[in-house]
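Summary of structural features
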Amino acid sequence: NIVSMYANKKLISIDNTGKLLSSNIFLSRFIDICFILFYGLNSVSNVLIPSEKSINNDKNTRRRIIFWSIITGLIQSILLYNLQFFFPYFSNDDEIINVSKQIIGIISIYQIFFGYYYVSEGILQGYNKFRQISIYNSLCLIPKVILLYFSNSLQQIWLINIIIIILKSLLTSYIIFF
């Protein structure tokens, strides 16, 4: 998406060697693996919520789906963090490995919140709350772009990602539970 392209451009402006961008892309591949289960929970939410709502069991189903998204996020976070010990098998560039090891903790936390948000968004889709999702995503885009503009490190960019995904998670939770 456009914001990711902007973040990558920002990384290039911070570091002309491309090592930060390479580290970011390197870590993104590991995150993509973690998201597979979240994509599944999101898809299941889209289908289960409407069918369970018809028999007044949607609240229990919603709680179970959210519970499993949190458990999945915590387990994957631990696994993702421990993948740093295998980085030398995936790259022979010491600088990329060192930068990746410095921010793997931040990214591990990010993927927990992203998973929760993404599954919550699936639940909202099951309730046909598409308008609210698009409004919240649009509103969160503005502070993200502003914060990215002022960022000056890869760590700051990922901390911005965490802040924005927490904000999105809070907004989707508000719609789901209130």
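About the criteria used
- Residues numbered from 1 in each chain as written.
- Predicted model: local features only at pLDDT ≥ 70, side-chain atom pairs only at ≥ 80, totals over all residues.
- Heavy atoms only, no water.
- Helix = DSSP H or I, 4+ residues; strand = E, 2+ residues; numbered from the N terminus.
- Buried < 20%, exposed > 50% of the residue type's maximum accessible area, 1.4 Å probe, protein only.
- Contact = heavy atoms within 4.5 Å.
- 1 Å grid on protein atoms, 1.4 Å probe; cavity = no way out; pocket = protein on both sides within 12 Å on 5 of 7 lines; lining within 4 Å.
- Points joined across faces, edges and corners; volume = space filled by probe spheres on them.
- Nonpolar A, V, L, I, M, F, W, Y, C, P; charged D, E, K, R; others polar.
- Patch = residues over 30% accessible without salt bridge, like charges linked within 9 Å, V, L, I, M, F, W, Y side chains within 5 Å.
- Areas by Shrake-Rupley, 256 points an atom, 1.4 Å probe, with all protein chains shown as cover.
- Salt bridge = Lys/Arg side-chain N within 4 Å of Asp/Glu carboxyl O.
- Polar contact = N/O pair within 3.5 Å; in protein donor to acceptor, adjacent residues only side chain to side chain.
- Phe/Tyr/Trp six-rings, centres within 6.5 Å; stacked < 30°, edge-to-face > 60°.
- Lys NZ or Arg CZ within 6 Å of the ring centre and 35° of its normal.
- Axes fitted to C-alpha atoms, helices over the stretch in contact; angles between N-to-C directions.
- Parallel < 35°, antiparallel > 145°, perpendicular 65-115°, else oblique.

Secondary structure assignment for the protein yields seven helices and zero strands. When its helices and strands are written in sequence order, the protein yields α-α-α-α-α-α-α. Counting only C-alpha atoms and orienting by the principal axes, one finds that the protein spans roughly 55 × 35 × 20 Å. Going through the 178 residues of the protein one by one, you find that 46% of them count as buried. Restricting to contacts in the protein with at least 6 residues of sequence separation, those with at least 24 account for 79%.

Before going further, it helps to spend a moment on the layout of surface pockets. Empty space within the largest pocket amounts to approximately 770 Å³. If you go around the largest pocket, you meet 30 residues; those closest to its centre are N1, S4, Y110, K144 and N161. Of all the secondary-structure elements, those providing two or more residues to the lining of the largest pocket are α1 (2-14), α2 (19-53), α5 (94-126), α6 (130-150) and α7 (154-177). The leading source of residues in the lining of the largest pocket is α2, at eight residues. Grouping the constituent residues of the lining of the largest pocket by class yields 18 nonpolar, eight polar and four charged.

Moving on, we get to a nonpolar patch on the surface. Taken together, the side chains of F85, F86, Y89 and F90 define a hydrophobic patch exposed on the protein surface, amounting to about 540 Å² of accessible area. Note that Y89 resides in helix α4 (residues 87-90).

With that settled, the discussion passes to the environment of S13. Position of S13 relative to the elements: it lies in helix α1. Placed 139 residues apart in sequence, S13 and N152 show a C-alpha to C-alpha distance of 9.0 Å. At 2.7 Å, the side chain of S13 and the backbone oxygen of K10 are in polar contact.

What follows concerns the packing of aromatic side chains. Following the criterion strictly, the structure yields 15 aromatic pairs and no others. Between Y39 and Y118, the aromatic rings sit 5.1 Å apart at their centres with planes inclined by 80 degrees, giving edge-to-face as the arrangement. Of this pair, Y39 sits in helix α2 while Y118 sits in helix α5, and the two are 79 residues apart along the sequence. Judged by its relative accessible area of 36%, Y39 is partly exposed. Three or more aromatic residues link up through ring pairs in this structure, and these residues are F35, F38, Y39, Y110, F114, Y118 and W158. Against the face of Y149 rests K10, its NZ or CZ located 5.6 Å from the ring centre.

This next bit is on unusual backbone geometry. Although it is not a glycine, N56 adopts a positive phi angle of roughly 55 degrees. Along the chain, N56 turns up in the loop between α2 and α3 (58-82).

Right, let's talk about the packing of α2 against α3 for a bit. Across the interface, α2 lies against α3 with an axial gap of 10 Å and an inter-helix angle of 175 degrees. Taken together, the axis directions place α2 and α3 in an arrangement best described as roughly antiparallel. On the side of α2, the interface is formed by F30, I31, C34, L37, F38, L41, S45, L48, I49, E52 and K53, while α3 contributes D58, T61, R62, I65, W68, S69, T72, G73, Q76 and L80. Split by residue class, the contact of α2 with α3 holds 11 nonpolar, six polar and four charged.

Take it as geometry only, folks, not as evidence of what the structure does.
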